[in-house]
Amino acid sequence: MARYKVGYIVGSLAAASINRALSRALIRLAPPELEFVEIPIRDLPLYSYDYDADFPAPARALKQAVASVDAVLFVTPEYNRSIPGALKNAIDWASRPWGDNSFTRKPSAVIGASPGKIGTAIAQQSLRSVLGYCNSPQMNAPEAYIQFRPGLISETGEVGDAGTEQFLRKFMAEFHGFVAQVMTALPRAGARRAEQRRPPAAGEADALVVGAGPVGLMAAHELLRRGIAVRLVDAASGPATTSRAAVIHPRTIEILDQLGLYEEFNARAVQGRGIAFDADGRQLASMDPSFTGHATRFNRMWLLDQAITERLLRSAVERLGGRVEWGVRLTGVERDAGTVRATLDHDGRVEETTAPWLVGCDGGHSTVREQLGVVLKGESTETWLIADAEIDFARPVEHDRIRWIRADGASMMLFPLVGERRWRLLDTVDVDYGGDDDAVAERFARKLSRGLGTEARVERPTWVSVFTIQQRAAPVMQSDRCFLAGDAAHVHSPASGQGLNTGVQDAFNLAWKLAAVIRGLAGPSLLDTYSAERVPVGKALLRSTRTATELVELRNAVIDEHLPAVFEVANAWPPIFQALNRSLFGAMSGLGIAYRTSPLTVPDTDTLRPGPAPGERVVQVRHPEADTAGWRKLFDALRGPSWLLVTADQTTGGQELSLPSLAQTCAVGRPASDTLGLEDGGWLLVRPDGYVAARGHGQDQLNRAHCRMPL
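Computed from a prediction, not measured in an experiment: that's the story for all the values here.

## Brief notes about the overall build of the chain
Then, number 1: Summing up its helical and strand segments, the chain has 20 helices and 30 strands in all.
Then, number 2: Taking the principal axes of the C-alpha coordinates as reference, the chain spans close to 90 × 65 × 45 Å.
Then, number 3: The buried share of the chain, reckoned over its 711 residues, is 58%.
Then, number 4: Across the chain, the fraction of contacts at a sequence separation of at least 24, relative to all contacts at a separation of at least 6, is 74%.

## Notes on the environment of I518
Then, number 1: Locating I518 in the fold gives a position in helix α13 (residues 499-518).
Then, number 2: On the basis of relative accessibility, which here comes to 17%, the residue I518 falls in the buried class.
Then, number 3: For the pair I518 and R622, spaced 104 residues apart in sequence, the C-alpha to C-alpha distance is 36 Å.

## Here's the deal with unusual backbone geometry
Then, number 1: Of the consecutive residues H623 and P624, the connecting peptide bond is found in the cis state with omega at 10 degrees.
Then, number 2: Counting through the fold element by element, P624 comes out in the loop between α17 (574-589) and α18 (629-638).
Then, number 3: Backbone geometry at D280 places phi at a positive 50 degrees, although glycine is not the residue there.
Then, number 4: Tracing the sequence through the fold places D280 in the loop between β10 (275-279) and β11 (282-287).
Then, number 5: Despite not being glycine, D408 shows a phi value in the positive range, around 55 degrees.

## Some remarks on the nonpolar core
As a rule of thumb, nonpolar side chains are buried together in soluble globular proteins.
Then, number 1: In this structure, M218, L223, F265, L330, L358, W643 and L685 are the most contacted members of the largest nonpolar core, which totals 118 residues.
Then, number 2: Here this core takes 12 residues from α13, the largest share from any one element.
Then, number 3: Apart from residues lying up to four places away in sequence, L330 is in contact with L208, V210, A342, T343, L344, L358, T367 and V368.

## Quick word on the confidence of the model for the chain
Then, number 1: Per-residue confidence for the chain gives a mean pLDDT of 87; residues scoring 70 or more make up 91%.
Then, number 2: Taken together, the stretch residues 188-202 has pLDDT below 50 and engages in 31 contacts with residues farther than four places along the chain or on a different chain.

## So, the sheet that holds strand β17 (residues 357-360)
Two strands in a sheet stick together by hydrogen bonds in their backbones, pointing the same way (parallel) or opposite ways (antiparallel).
Then, number 1: The 6 strands lie next to each other as β13-β7-β6-β17-β25-β24, forming an open sheet whose pairing is mixed. Two strands bound the open sheet, and with one partner strand each, they are β13 (324-326) and β24 (478-479).
Then, number 2: In terms of strand pairing, β17 meets strand β25 (residues 482-484) through 3 bridges, oriented parallel. Counterpart to L358 in the pairing with β25 is C482.

## Considering empty space enclosed by the protein
The gaps of empty space that remain are located by a probe, the size of a water molecule, rolled over the atoms.
Then, number 1: Tallying each qualifying case throughout the model produces 6 cavities of 30 Å³ or more.
Then, number 2: As a volume, the largest cavity reaches approximately 290 Å³.
Then, number 3: Contributing to the lining of the largest cavity are 23 residues, with N135, L521, S642, W643 and L662 lying nearest its centre.
Then, number 4: At the level of secondary structure, the elements contributing two or more residues to the lining of the largest cavity comprise α13 and β28 (663-668).
Then, number 5: For the lining of the largest cavity, the element with the most residues is α13, which contributes 3 residues.
Then, number 6: Split into classes, the residues belonging to the lining of the largest cavity amount to 16 nonpolar, 4 polar and 3 charged.
Then, number 7: Computed from the structure, the second largest cavity encloses a volume of approximately 70 Å³.
Then, number 8: Looking at the second largest cavity, the residues that line it are R251, E254, D257, Q258, R297, V619, F635, L638 and G690.
Then, number 9: The set of elements that each furnish at least two residues to the lining of the second largest cavity consists of α8 (250-258) and α18.
Then, number 10: By residue number, the principal contributor to the lining of the second largest cavity is α8, which donates 4 residues.

## Details of the sheet that holds strand β4 (residues 108-114)
Then, number 1: If you trace the 5 strands from one edge of the open sheet to the other, you get β2-β1-β3-β4-β5, paired in parallel fashion. In this open sheet, the two strands that pair with only one neighbour each are β2 (34-38) and β5 (145-147). The average undirected angle you get between the axes of adjacent strands in this sheet is 25 degrees.
Then, number 2: Across 5 bridges, the pairing between strand β1 (residues 4-10) and strand β3 (residues 71-75) is parallel. Residue pairing in the sheet places Y8 in a bridge with L73 of β3.

## So, the pairing of strand β19 (residues 402-407)
Then, number 1: In terms of burial, β19 is largely enclosed, as 6 of its 6 residues are buried.
Then, number 2: Alternating positions in β19 separate into two faces, I402, W404 and R406 on one and R403, I405 and A407 on the other, with burial throughout.
Then, number 3: When β10 meets β19, the two strands line up parallel, connected through 5 bridges. Paired with I275 across the bridge in β19 is I402.
Then, number 4: Two strands pair when backbone bridges link them, and β19 and strand β20 (residues 410-416) are joined in this way by 5 bridges, in the antiparallel orientation. Residue pairing in the sheet places I405 in a bridge with M412 of β20.
Then, number 5: The hairpin turn running from β19 into β20, its antiparallel successor, is 2 residues long, and D408 in that turn takes a positive phi close to 55 degrees.

Analysis parameters
- Residues numbered from 1 in each chain as written.
- Predicted model: local features only at pLDDT ≥ 70, side-chain atom pairs only at ≥ 80, totals over all residues.
- Heavy atoms only, no water.
- Helix = DSSP H or I, 4+ residues; strand = E, 2+ residues; numbered from the N terminus.
- Buried < 20%, exposed > 50% of the residue type's maximum accessible area, 1.4 Å probe, protein only.
- Contact = heavy atoms within 4.5 Å.
- Core = buried A, V, L, I, M, F, W, Y, C linked by side-chain atoms within 4.5 Å.
- pLDDT = per-residue confidence, 0-100.
- Pairing = 2+ DSSP bridges.
- 1 Å grid on protein atoms, 1.4 Å probe; cavity = no way out; pocket = protein on both sides within 12 Å on 5 of 7 lines; lining within 4 Å.
- Points joined across faces, edges and corners; volume = space filled by probe spheres on them.
- Nonpolar A, V, L, I, M, F, W, Y, C, P; charged D, E, K, R; others polar.
- Axes fitted to C-alpha atoms, helices over the stretch in contact; angles between N-to-C directions.

Below, the structure written as structure tokens:
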């Protein structure tokens, strides 16, 4: 029978540590097929990325120790409702530098003892989250929170309570089975492939990302979060100070929450309360954002300047060790087997560089797209003018609501920006601009006053732009080792504020797939699903934004004449008004995007089963149910970078489901398990981007679903 070498790490540095005594007991009770060696953590200095170029000897020894074992057992107490700092420091050392994570594919288990049972459980959840990020397959059952009392375990590891001894023996037997299962699926050579990768030298990267707007920053963040060396360049001399986009929709908010960035964004954004419709001094209707057709925790929109969005994403990238190279313009792309050669212009100094992969996030005038020979197909439509300015109104005007305003048969829009008096103004008719900002301010003030029925004083704009709406999309978003995302792949009307959101979602879809291929966790065919999934989204976006453009402009005199009566009828019949509300905001939200026909989606013939179907978002839940423990556990698990196998926390038929070669397991309780359709041994296999790839019952169906996927 195969033997496995297990490295154990004791989280406490205390001389009389009860967890060290627990580790001795575990070794005594373990099956003979497991050989144990301690991985010491006492002599490690505090980690800093300044050491990445030259690791100190204790850190090198730690990484070698982790690399030399087949599995890791963590035996740790709880400190302040989390794990000890010494243990977190050791994990930081072992998982760095980027691309040399010693825990990748290394099976692990967590156990610990503390005087209080609850604290130990909370600490273990914190540790499991970190290990999930480090791509370590974890044994999720049985969970082991040992409430320590005097005499329970001696210094030499004898257990004084028969029930505890029996439980610990079973725990170690389960750990042996788990290690054997993982090592069978991931043989030693394959399991250590990632550890043997040489850290990239200065200037080298696994992926070159071109464009440091929201899309490029999201792509870089998600690649870095998975240990991929990224080079991020932008032709601009520095960060943008003006903002094209100003709205973040619910699906993007879900993504930011999954990245752990929700609180930062939420603190800066204006909480959008929907849209109001005004015509010739009269408010016709007011709609709150209602996405009731698509359940979500975030039944809102954020109004946030793109410059602030970029600043927050840039900070997140920098926390992961990435940085933007400003003033670096891509001028040429050539491709060979296995590499991409890029020509970069540093303000006159030309650099030739290579990278295995290239991601073009360089906007509507994309050089990457041009170099790849990909042509956007579509049309140019109307010309609009936008301006950012501070406005004072004679009577209060809500600063948390978008306004569609009609004045003398012409339409304009008003968007709140961060800052009590800051607004974005959009004119669909008077679009002449000769550089006279004061004239633009006067024109807007006159129209606003007429449309809102109150005097408006518009300050001199800080930014004015005239643009022709492009409605174009690329037929493909991948060409060999190069990809397009965001405006580089599809440009369209800003009428519904979906450009930034769709681009960020492109990058979120692509990055986890590209990282899996780079790390050898999936074959190149996985990347084919990027175009298969996102090209239809771009095409559908052209249709919806074209409709939104027509609604904003409303150049139909007959409809315009009867507009007050139309809204009067809608207001008088709540079902009609609610349907209009759901249609308007539901289309913008991004919550309805699904990948039901993707090669990554395994259809389910059980159409009566409750819960999200394959291809749909897994987090289809509203408050207050979203505040329950099971859902919170799932939200926390989704913040890791790996696949998830979601099951009910009550074992059915004695069978523990697992897919250690691909997914971490997350067992949830009621009501989450009921809402997700997990009764009777049911499971959901969830992709790293939060979409359900497959669902079913039992291990056999799970194995078959896995085999059908292009991984």
